[in-house]
There are 2 protein chains.
Amino acid sequence: MVVISLSQLFHCHFQEGSVTQASIQAVAREAGVSVSTVSRAFAKPDLVLPETRERVMAAAEKLNYRISRSAAALKSGQSFRIALLLSESIVTWFNSRIYAGLDSVFHPAGYDISVFSMTNADERRNFFTDLPVRRNVDAVVVSSFNIEPDESRKLKSMNVPIVGINIPSNNGFDAGVSIDDHAAEHIAVDHLVALGHHRIAYIGYDEMDDRSALRYSASARLQGFMDACNSYPGVTPMPLSLDHAGDPANAVLNCIISASPAPSAVCLCDDELAIPALFRLRQYGRRIPQDLSLIGFDDNLYAPSLGLTTLHQDPYAMGAKAAQKTLALISSDSKHPSAAAEPRFETPQVQLMLRETTAPYVDPDA
Amino acid sequence: MVVISLSQLFHCHFQEGSVTQASIQAVAREAGVSVSTVSRAFAKPDLVLPETRERVMAAAEKLNYRISRSAAALKSGQSFRIALLLSESIVTWFNSRIYAGLDSVFHPAGYDISVFSMTNADERRNFFTDLPVRRNVDAVVVSSFNIEPDESRKLKSMNVPIVGINIPSNNGFDAGVSIDDHAAEHIAVDHLVALGHHRIAYIGYDEMDDRSALRYSASARLQGFMDACNSYPGVTPMPLSLDHAGDPANAVLNCIISASPAPSAVCLCDDELAIPALFRLRQYGRRIPQDLSLIGFDDNLYAPSLGLTTLHQDPYAMGAKAAQKTLALISSDSKHPSAAAEPRFETPQVQLMLRETTAPYVDPDA
DNA sequence: TTGTAAGCGTTATCAC
DNA sequence: GTGATAACGCTTACAA
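Chain A is annotated in an unreviewed UniProt entry as Transcriptional regulator, LacI family of Bifidobacterium angulatum DSM 20098 = JCM 7096.

Now the structure itself:
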């Protein structure tokens, strides 16, 4: 009678590494070194002899070993997790690119991004009351969020770097990357005035319809538009606003048709609004740019091929830059308190992309 | 001389909880219970007396205590991290919605999503060779990825649930949510044929230009189109393809202009292509739908307000559903091997959205 | 229902 | 440059 014990049966399975996940102990044994050496070989490769490192890596490879991020996180006191605060869903043109830009830097550095999107006042209040991220993230990135002073004070209490993207003020932030919405609209108005336009409309969403939206950008753009128009004698700004609900294309059409006197040029708060507007206006016989000039904001996916004149911003680059600043702050936090990547705050340029939706003013009565 | 010790100096700071992060020990002390009770109060609230729980929660609140996710993860053996494999950037219409749908389920459940987007063959090979997620994720979600048999075998070796979204085959997956691209194009063709069209073009990207793209969806759609046309006697399918490079609007325009005989209807592989096409074709005098019918795919953000007739899919819902299946698999894994949410594989319906870019065929010579 | 105590798999502090 | 060992902050048998 042949007796085979369970451990004998399973021995080969364990050897093959397909069932059990090898720990650092096993790798140390396999490589004939101590666990500390294995740890160093992964975390601080230059502290071990190249030859030793090779042996460790070979053993790790053989056993299909990977460092446990949880254990490393626990011991090192970091969580390797970054909180990203959004005031809208991640599916928007802007937010998805911010995420991708952040991830392009954070992911290779071993950090995960935990997204908190607060789309209404309740979610927002709960977040700042509970502060669920406390002690569980190494930094907070706040994007396009019209954060209030006591909210940013609450974040500060977590003692981790707070980095802002397109935020109203640098106050309460350790670093930031924000475009100048106000100045950007000024560029648009300058262009239209240079073309001879003097009745210029601005169309955005009604600011009051949800309090947590990226209200800052919206109001800064409108304000920039107003200030720019008012800096030119004879130019009449016509601020119009839309309900968030309903078909944006129709809303813009109605808005423009019912404006009196009729504007000869329109700045739209973003391309997401400008594109349906361009479409519908042409469909209803308005020639663009001959009868009406149009300027968008963002330079999104469709703007180039539709020939939309618009203000260009690059949220992917902004996200990447913000992530770099964040990592610099995280590492400086522990060692050299002042070695963070300078400058801490940056303002990327917004560029007017001249395409086919603006043209010189022509007097319709002439 | 007054001597004040450091600990005296800092005492009040620690009390206020603003500098040091309280651990579970401190909460236990504050609440007058053991650490296990504190742990249970958070993780398994129904295992402690309501009264005790209250005391614990009050103490935790007072000390600003939050569970350390790293420590909980280490001890429990889970990582509370999900890998999401993408074959394109997360910024696409489809992927950003998949992410948002997954996150809507994973985030509340305490899981983070770690995105791995493989946009070229190198990245893809490295990922499957290294398998950096091994031992560090609780599940893998694969989205719109034309995964190969030996790749899915490698994933299987990790012993965590593998869930697919819009994948070519359920083989190697524990659960999945995929639309039927083939059947969807059949619906589009049925519609056009019913309108009297018989020279119908399909425009997609050249499949060969990057091997890692979501080739499966692309080829399945084309195949569905071909099969559908061929099922109707007298209907001529005209498969055309585009370079990925250059302005899509111009590419589509050229493609259609140079096709001979001229098609009376066109199916486009997605709305991202259909929208610039619609725009440019109208700009160049082609009346749509009178001269040419157009059908897109996706029903994206702009399709409704542009009046684009298109095939509707809902990636957000697919992501949410996939996440639910994933969580079911994770918890069944440890306990009841068969209690996973049934059915494990689902095929959401794709719906034709009839709008304003298709019309009955009119003989141009009549 | 609650407490005691033994780890989970790393990293860090020492020696050597 | 490398090795022994003590944490890190939780969870979970098991005991009470």
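Resuming the write-up.
Asks: If you had to explain the overall build of chain A to someone new, which residues and values would you point to?
Replies: Secondary structure summary: chain A contains 14 helices and 12 strands in total. Classification of the 366 residues of chain A by burial places 49% in the buried group. Residue pairs in contact within chain A that sit at least 24 positions apart in sequence constitute 70% of those at least 6 positions apart. Accessible surface for chain A amounts to roughly 16,700 Å². Of this, 54% is attributable to carbon and sulfur atoms.

Asks: An account of the protein's contact with DNA strand C is requested, with residue identities and associated values reported.
Replies: Taken together, 23 residues sit near DNA strand C, with A:Ser39, B:Ser36, B:Thr37, B:Thr52 and B:Arg135 positioned nearest. Backbone sugar and phosphate groups make up 59% of those atoms of DNA strand C lying within 4 Å of the protein. With respect to DNA strand C, the side chain of A:Tyr65 contributes an N or O atom lying 2.9 Å from a phosphate oxygen. Separating a base nitrogen of DNA strand C from a side-chain N or O atom of B:Lys75 is a distance of 3.5 Å. Only helix 2 (24-31), helix 3 (35-43) and helix 5 (69-76) of chain A together with helix 3 (35-43) and helix 5 (69-76) of chain B provide two or more residues apiece to the surface near DNA strand C. Taken together, the residues of the surface near DNA strand C sort by class into 9 nonpolar, 8 polar and 6 charged.

Asks: Pulling in residues and values, what's your account of the nonpolar core?
Replies: Grouped together as the largest cluster of nonpolar side chains are 148 residues, with contacts concentrated most on A:Leu102, B:Leu102 and B:Ile203. Excluding its chain neighbours within four sequence positions, the residues that come into contact with B:Leu102 are B:Leu84, B:Ile113, B:Val141, B:Ile165, B:Gly319, B:Ala320, B:Ala322 and B:Ala323.

Asks: Kindly report on the sheet that holds strand 10 (residues 310-312) of chain A, identifying the contributing residues and their values.
Replies: Residues and elements named next belong to chain A. Judged by pairing direction, the sheet is mixed, and its 6 strands sit side by side in the order 7-6-8-9-10-12 without closing on themselves. Sheet topology places strand 7 (236-242) and strand 12 (351-353) at the edges, where each strand pairs with a single neighbour. Within this sheet the neighbouring strands show an average axis-to-axis angle of 25°, counted without direction. In this sheet, strand 8 (residues 265-268) lies alongside strand 6 (residues 199-205) in parallel orientation, the contact comprising 4 bridges. Directly across from Tyr202, in strand 8, lies its bridge partner Cys267. Lying over the sheet, helix 11 (residues 248-258) contacts strand 6, strand 7 and strand 8, oriented at roughly 145° with respect to strand 7. Sheet strands in contact with helix 12 (residues 271-283) are strand 6, strand 7, strand 8, strand 9 (293-298) and strand 10, and its direction is about 155° off that of strand 9.

Asks: Describe the interface of chain B and chain A, and please don't skip the residues or the numbers.
Replies: Listed per partner, the contact involves 59 residues of chain B and 59 residues of chain A. Between chain B and chain A the total buried area reaches about 4,800 Å² when both faces are included, carbon and sulfur atoms providing 49% of it. When the area that chain B buries against chain A is broken down by residue, the three leading residues are B:Arg66, B:Arg135 and B:Phe279, summing to 16%. Counting across the chain B and chain A interface gives 2 salt bridges. Its salt-bridge partner being A:Asp112, residue B:Arg81 comes within 2.6 Å of it at the nearest N-O pair. Our enumeration of links across chain B and chain A arrives at 22 residue pairs in polar contact (both at pLDDT 80 or more). At the level of elements, helix 5, helix 6 (93-106), strand 2 (112-117), helix 7 (121-130), helix 12 (271-283) and helix 13 (303-306) of chain B are the ones that each hand at least two residues to the side of chain B that touches chain A. Per element, the largest residue contribution to the side of chain B that touches chain A is 9 residues, and it comes from helix 12 of chain B.

Asks: Which residues make up the UniProt feature "domain: HTH lacI-type" (unreviewed entry) in chain A, and what values go with them?
Replies: UniProt records the feature "domain: HTH lacI-type" (unreviewed entry) at residues 22-76 of chain A, using the numbering of this structure. Taken end to end, residues 22-76 of chain A is 71% helix and 0% strand, and its two terminal C-alpha atoms sit 21 Å from one another.

Asks: Break down the sheet that holds strand 8 (residues 265-268) of chain B for me, with residues and values.
Replies: Residue and element names in this part refer to chain B. A sheet is described by the order of its strands in space; here 6 strands give the open sequence 7-6-8-9-10-12, paired in mixed fashion. Pairing within the sheet leaves two strands with one partner each, and these edge strands are strand 7 (236-242) and strand 12 (351-353). Adjacent strand axes in the sheet meet at a mean angle of 25°, parallel and antiparallel pairs treated alike. As paired elements, strand 6 (residues 199-205) and strand 7 share 7 bridges and run parallel to each other. Within strand 7, the residue paired with Tyr205 across the bridge is Leu242. Packing against the sheet, helix 9 (residues 181-194) makes contact with strand 6, strand 8, strand 9 (293-298), strand 10 (310-312) and strand 12, and its axis sits at approximately 160° to strand 9. Sheet strands touched by helix 11 (residues 248-257): strand 6, strand 7 and strand 8. Its angle to strand 7, the strand with the most contacts, is close to 145°.

Asks: Please set out the domain arrangement of chain A residue by residue, giving values where relevant.
Replies: Structurally, chain A comprises domain 1 (24-67), domain 2 (76-179 + 315-332 + 340-346) and domain 3 (181-312). Distance between the C-alpha centres of domain 2 of chain A and domain 3 of chain A: 30 Å.

Asks: Outline the environment of A:Lys62, listing residues and values.
Replies: Residues and elements named next belong to chain A. Relative to the elements of secondary structure, Lys62 occurs in helix 4 (residues 50-63). The exposure class assigned to Lys62 is exposed, which follows from its relative accessible area of 55%. Distance in space between the C-alpha atoms of Lys62 and Glu30 is 9.0 Å, their sequence separation being 32 residues.

About the thresholds
- Numbers given for residues are sequential positions, taken from 1 along each chain in its written order.
- Whichever chain is written first becomes A and whichever ligand is written first becomes 1, with later ones labelled in order.
- Local features in a predicted model are, by the rule used here, given only for residues with pLDDT of at least 70; side-chain atom pairs are given and counted only at 80 or more, and totals for whole chains, interfaces and linings are based on all residues.
- Values shown for side chains rest on all heavy atoms present in the structure; no hydrogens or waters enter the calculation.
- Helix numbering and strand numbering both begin at the N terminus, where a helix is a DSSP run of H or I of at least 4 residues and a strand a DSSP run of E of at least 2.
- Summary of the burial criterion: residues with accessible area below 20% of their type's maximum are buried, those above 50% are exposed, and those between are partly exposed, where the area comes from a 1.4 Å probe applied to protein chains only.
- Residues are treated as being in contact if the distance between any of their heavy atoms lies within 4.5 Å.
- Throughout, the Shrake-Rupley method with a 1.4 Å probe supplies accessible areas, and for residues the shown protein chains are the sole cover considered.
- A single heavy atom is enough: if one lies within 4 Å of a molecule or strand, its residue is considered near that molecule or strand.
- Whenever a nitrogen or oxygen atom comes within 3.5 Å of another N or O atom, the pair is scored as a polar contact, on the condition that within protein one atom can donate a hydrogen and the other can accept it, and that pairs from neighbouring residues in sequence are kept only if both atoms are in side chains.
- Under the grouping applied here, Gly and all other residues not named as nonpolar or charged are polar, the nonpolar ones being Ala, Val, Leu, Ile, Met, Phe, Trp, Tyr, Cys and Pro and the charged ones Asp, Glu, Lys and Arg.
- Throughout, nonpolar core names a set of buried Ala, Val, Leu, Ile, Met, Phe, Trp, Tyr and Cys residues whose side chains join them through atoms within 4.5 Å.
- Any two strands between which DSSP finds at least two bridges are classified as paired.
- The angle between two axes is taken between their N-to-C directions and runs from 0 to 180 degrees, where each axis is a line fitted to C-alpha atoms and a helix contributes only its stretch in contact.
- Buried area: the accessible surface (1.4 Å probe) lost by two parts on joining, summed over both.
- By salt bridge we mean one thing: a side-chain nitrogen of Lys or Arg within 4 Å of a carboxyl oxygen of Asp or Glu.
- UniProt positions are given in the numbering used here, feature names are shortened, and annotations may be inferred rather than shown by experiment.
- The source of the domain bounds is an automatic or database domain assignment.

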